[in-house]
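# Coordinate inspection notes
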Amino acid sequence: MAIISLSRFLVKDRIQHLTDEEVNQLRQASRQDDAFAQYGYGRWLYYLNPYQGAMKDAEELFFKTKDVLPDSMAAYALMIRYGETVSTRPSEMDIEEYQKLLLQAKEQGSLLASVQYARDRIYGTFCEAEPIKVTEEIEKLLSENPNSDSFWYLLLAFAYEAANRPEDAEKMYERALELGELDSYFYLANIYQKKGNTALAEEYFEDGCSKGCTMCLLYQSDMDAEEYESLNESTQSQIHQNIDERLRRGLQMGEGYCAYYLWKHYKNGNLGYPKNEDKAFSYLKRGIELGNTFCITQMAIAAQYGGLPENMSLSPCEIGELWLQAARYDIDSEAIIELNEVTDDLFMSKHKNEIKKYWEPRFFELFESEEDSDDKGNNPDEDSWYNPRDDFFDHWKNDDDEDDGRFDAYV
């Protein structure tokens, strides 16, 4: 099958824009043992998770084709990285195996592996952070081959951000946008919002919404409840309608942050949404299926601190596995604090090797880093390690508190 280019499956944003017809073509060709289609359909299953067992099916498709398509090997490696495998190997994170397969796929010419390898080194994900070196590598690549995949330009913007070169990052986001990378709308909107240029930020958000940037579909969803209530009824109705249309559209495309905001608004009864806990938690469940860390964390908080609806319950082991999943997806998150305090026997017997190998050292590394900061008399900034009970869990202590749905656009 050569209907769709391999590059269409490189990143989540592109996969979200596959048409129903394209997905159906992939599905049909996949059933006929077309390795290309099996990889592409597996990537769609992985990000959209449209039915129970879809992740398992994706895993098996990647495993089946990993020796034929290097990109498939890279996709399979990522599932190992996040402990998402269930049938071809144990459901535990294995960084060494992930890195081994990723480098093997990269050496065989996998674009997905090359991009992921660069990304890991930009942020220091279970490796040394070296954003400056990565910027030099990507600059060289684009200088020698300016027709390289357009995602390299967006990745270079990420690297510039990490290397503290914000002006270069902004220019590269613009260049990536010119080349069709829709996520650039979101990053540019946030840049101008932080600069205080609200009008330009809104223009990027609105353009991104119209072009189908899923992260831009979050526009206005974090509006302050008091600000919303201060508006006249007609304006409130229009804003609510716009927010709701965008969030539902984004959720249909597989954006987990949209599920998070729908949960939050139905949970709190804000921005024109009626309070409805059952509906709220149905969206939270969907966000977890889409791998959204905010949704995973909020479900764990609710279960651990008595915030679940009456018709829902999670065992101590299931709560521990939510904290583990959140930590896997975001190794710098406050989930590691809670993970470190899980004592359930069943959970520990299932995951003790992974906890001991990866998470106990990570906890002590971050804990010691915070102690060093305190010893030097520094006040922790917004990116520092902190106890989430100080503010992150306030939502469950007082449902009337301000919305807590902020997130870092550059994570």
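Residues numbered from 1 in each chain as written. Predicted model: local features only at pLDDT ≥ 70, side-chain atom pairs only at ≥ 80, totals over all residues. Heavy atoms only, no water.

Let us look at the state of the cysteines. Taken as a whole and judged by the stated rule, the model has zero disulfides. For Cys216, which is in no disulfide, the shortest distance to another cysteine sulfur is to Cys213 and amounts to 3.6 Å. On the basis of relative accessibility, which here comes to 0%, the residue Cys216 falls in the buried class. (Disulfide = S-S within 2.5 Å. Buried < 20%, exposed > 50% of the residue type's maximum accessible area, 1.4 Å probe, protein only.)

Now for the packing of aromatic side chains. Counting across every chain of the model gives 23 aromatic pairs. A centroid spacing of 6.3 Å and a plane angle of 65 degrees characterise the contact between Phe186 and Phe205, whose relative ring orientation is edge-to-face. Residue Phe186 is found in helix H11 (residues 183-195), and its partner Phe205 is found in helix H12 (residues 198-211); the two are separated by 19 residues along the sequence. Its relative accessible area of 4% is what places Phe186 among the buried residues. Phe205 sits in the buried class, given a relative accessible area of 6%. An aromatic cluster of three or more residues is present, and its members are Phe158, Tyr173, Phe186, Tyr187, Phe205 and Tyr219. Across from the ring centre of Tyr153, 5.6 Å away, lies the NZ or CZ of Arg175, which sits over that ring. (Phe/Tyr/Trp six-rings, centres within 6.5 Å; stacked < 30°, edge-to-face > 60°. Helix = DSSP H or I, 4+ residues; strand = E, 2+ residues; numbered from the N terminus. Lys NZ or Arg CZ within 6 Å of the ring centre and 35° of its normal.)

With that out of the way, let us pick up the pattern of salt bridges. Counted by the stated rule, this structure contains 23 salt bridges. Of the charged contacts in the structure, one is a salt bridge between Arg248 and Asp244, with a shortest N-O distance of 2.9 Å. With a gap of four residues between them, Arg248 and Asp244 both fall in helix H14 (residues 233-252), about one helical turn apart. With a relative accessible area of 17%, Asp244 lands in the buried category. Shared partners join several salt bridges into a network, and the residues in it are Arg14, Asp149 and Glu181. (Salt bridge = Lys/Arg side-chain N within 4 Å of Asp/Glu carboxyl O.)

This part is about unusual backbone geometry. You will see that Asn164, though not glycine, has its phi angle at about 60 degrees, which is positive. With respect to the secondary-structure elements, Asn164 resides in the loop between helix H9 (151-162) and helix H10 (166-178). Under the relative-accessibility criterion, Asn164 is labelled exposed at 66%. In this structure, Gln220 is a non-glycine residue whose phi angle is positive, near 75 degrees. With respect to the element layout, Gln220 can be found in the loop between H12 and helix H13 (225-229).

Attention now goes to a negative patch on the surface. A contiguous patch of negative charge, built from Glu202, Glu203, Glu206 and Asp207, is present on the exposed surface. Here Glu202 shows up in helix H12. (Patch = residues over 30% accessible without salt bridge, like charges linked within 9 Å, V, L, I, M, F, W, Y side chains within 5 Å. Areas by Shrake-Rupley, 256 points an atom, 1.4 Å probe, with all protein chains shown as cover. Lys, Arg positive; Asp, Glu negative; His and termini not counted. Charge placed at Lys NZ, Arg CZ, Asp CG, Glu CD.)

Examined against the element boundaries, Gln99 turns out to sit in helix H6 (residues 95-107). The class of Gln99 is partly exposed, set by a relative accessible area of 29%. C-alpha of Gln99 to C-alpha of Leu78: the two residues are 21 residues apart in sequence and 9.1 Å apart in space.

What follows deals with helix H3 (residues 35-48). Under the 1.5 Å per step criterion, the end-to-end length of H3 is 20 Å for 14 residues, consistent within 8% with the ideal 20 Å. Most of H3 is tucked away, with 14 of its 14 residues classed as buried. By the N-cap criterion, in which a side-chain oxygen at the helix start approaches the backbone nitrogen of a residue two or three places on, H3 is capped by Asp34, the distance to Phe36 being 3.0 Å. (Expected span 1.5 Å × (residues − 1). Polar contact = N/O pair within 3.5 Å; in protein donor to acceptor, adjacent residues only side chain to side chain.)

H11 packs onto H9 with a crossing angle of 30 degrees between their chain directions and a minimal axis gap of 11 Å. In terms of orientation, H9 and H11 fall into the roughly parallel class. Note on packing geometry: the crossing formed by H9 with H11 is left-handed. Within the contact between the two elements, H9 uses Leu154, Phe158 and Glu161 and H11 uses Asp183, Ser184, Tyr187 and Ile191. Per-class residue counts for the contact of H9 with H11 are four nonpolar, one polar and two charged. (Axes fitted to C-alpha atoms, helices over the stretch in contact; angles between N-to-C directions. Parallel < 35°, antiparallel > 145°, perpendicular 65-115°, else oblique. Left-handed = near helix turned anticlockwise from the far one by under 90°. Contact = heavy atoms within 4.5 Å. Nonpolar A, V, L, I, M, F, W, Y, C, P; charged D, E, K, R; others polar.)

Let us now look at the confidence of the model for the protein chain. When pLDDT is averaged across the protein chain, the result is 90; 89% of the residues are at 70 or more. Scored below 50 in pLDDT, residues 376-411 makes 80 contacts in the model with residues more than four places away or belonging to other chains. (pLDDT = per-residue confidence, 0-100.)

This brings us to the nonpolar core. The biggest cluster of nonpolar side chains holds 130 residues, and the ones touching the most others in it are Leu155, Tyr173, Phe281 and Trp359. For this core, the leading source of residues is H9, giving ten residues. (Core = buried A, V, L, I, M, F, W, Y, C linked by side-chain atoms within 4.5 Å.)

Along the chain, the position of Ser150 falls in the loop between helix H8 (131-144) and H9. For Ser150, a relative accessible area of 16% corresponds to the buried category. Among the polar contacts made by the side chain of Ser150, one reaches the side chain of Arg14 at a distance of 3.4 Å. Those residues within four positions of Ser150 in sequence are excluded, and the remaining contacts are Arg14, Leu179 and Glu181.

Turning next to H8. The terminal C-alpha atoms of H8 lie 20 Å apart, and with 14 residues this matches the ideal 20 Å at 1.5 Å per residue to within 8%. Those residues of H8 not exposed but buried are Pro131, Val134, Thr135, Ile138 and Leu142. Mapping the buried residues of H8 onto a view down its axis gives an arc of 105 degrees, with all of them on the same face. When the buried face of H8 is taken as reference, the exposed residues oriented beyond 90 degrees from it are Ile132, Ser143 and Glu144. Looking at the buried residues of H8, the elements they touch are helix H7 (111-123) and H9. (Arc of directions from axis to C-beta.)

This brings us to the side chain of Glu354. For Glu354, the location among the structural elements is in helix H20 (residues 345-375). A distance of 3.0 Å separates polar atoms of two side chains, one belonging to Glu354 and the other to Trp359. In this structure, Glu354 is in contact with Glu92, Met93, Leu324, Arg328 and Trp359, ignoring residues within four places of it in sequence.

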